Amino acid sequence: MLKKFGFWLPLFSLFVCLYNAIGEDDKNLLLYFTSPHLMYIESYTSNGRQFDGMLAIYLINIVGWLVIGIMIDLIVKAIKRR
């Protein structure tokens, strides 16, 4: 389990979200640059740090990295099968 991307990528994403939530990433740069799937959300701005909006951003970030991690794990599993 600890060798799986599906575990480590969402965990890293959770730490980035927590770092952003405590206010250390006040311009959302770390959150933005570590989340390529958030670049496609037009309403993602550093001005509107409302709880509901940011909670949705955090969920999209964590679930997005979970999906990416699972896809990488499946690719690695398919390559190892050969």
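Structure: see above.
First things first, this report covers the structure right here in the doc. These numbers come from a predicted model, not from an experiment. Residue numbers here run from 1 along each chain, matching the order of that chain's written sequence. Only residues with pLDDT of 70 or above have their local features reported here, since the model is predicted, and side-chain atom pairs are shown and tallied only from 80 upward, although totals for entire chains, interfaces and linings are computed over all residues. To get the side-chain values, all heavy atoms of the structure are used, and hydrogens and water are removed first.

A word on the overall build of the protein
Next up, step 1: A helix here means a DSSP run of H or I that spans at least four residues, while a strand means a run of E at least two residues long, and both kinds are numbered starting from the N terminus. For the protein, the count of helices and strands is 3 helices and 0 strands.
Next up, step 2: Taken over 82 residues, the protein has a buried fraction of 28%.
Next up, step 3: Only heavy atoms matter for contacts: two residues are in contact if any of them lie within 4.5 Å across the pair. Counted over contacts in the protein with a minimum sequence separation of 6, partners at least 24 positions apart contribute 55%.
Next up, step 4: As displayed, the protein has an accessible area near 6,200 Å², and 69% of this comes from carbon and sulfur atoms. The buried label applies to any residue whose accessible area, calculated with a 1.4 Å probe on protein chains only, is under 20% of its type's maximum; exposed applies above 50%, and partly exposed to all values in between. In short, Shrake-Rupley with a 1.4 Å probe defines the accessible areas, and a residue's cover is counted only from the protein chains shown.

Here's the deal with a nonpolar patch on the surface
Next up, step 1: Judged by side-chain polarity, L14, F15 and L18 come together as a nonpolar surface patch covering roughly 280 Å² of accessible area.
Next up, step 2: Looking at where F15 falls in the secondary structure, it is placed in helix 1 (residues 5-21).
Next up, step 3: Accessibility expressed as a relative area gives 51% for F15, which makes it exposed. A patch is a set of surface residues, each over 30% in relative accessible area and not in a salt bridge, joined within 9 Å for like charges and within 5 Å for the nonpolar side chains Val, Leu, Ile, Met, Phe, Trp and Tyr. Take a side-chain nitrogen of Lys or Arg and a carboxyl oxygen of Asp or Glu: if they are within 4 Å of each other, that pair is a salt bridge.

Focus on the nonpolar core
Next up, step 1: Joining through side-chain atoms within 4.5 Å is the link that ties buried Ala, Val, Leu, Ile, Met, Phe, Trp, Tyr and Cys residues into a set, and such a set is a nonpolar core. Listed in full, the 7 residues of the largest apolar core are V16, C17, L31, L38, M54, I57 and Y58.
Next up, step 2: Elements with a minimum of two residues in this core: helix 1 and helix 3 (51-81).
Next up, step 3: When residues of this core are assigned to their parent elements, the largest contribution, 3 residues, is made by helix 3.

Considering unusual backbone geometry
Next up, step 1: Of note, N28 is a non-glycine position whose phi angle comes to about 60°, a positive value.
Next up, step 2: In this fold, N28 is placed in the loop between helix 1 and helix 2 (29-33).

Here we look at helix 1
Next up, step 1: One less than the number of residues in a helix, times 1.5 Å, gives the span that helix is expected to have. The first and last C-alpha atoms of helix 1 sit 24 Å apart over 17 residues, in line with the 24 Å expected at 1.5 Å per residue.
Next up, step 2: Listing the buried residues of helix 1 in full gives G6, L9, P10, S13, V16, C17 and N20. Each buried residue of helix 1 lies within a common arc of 115° when the element is viewed along its axis, so the set occupies one face.
Next up, step 3: At the exit of helix 1 stands G23, carrying a positive phi of roughly 95°. Think of the arc as the fan of directions from the helix axis to the C-beta atoms.

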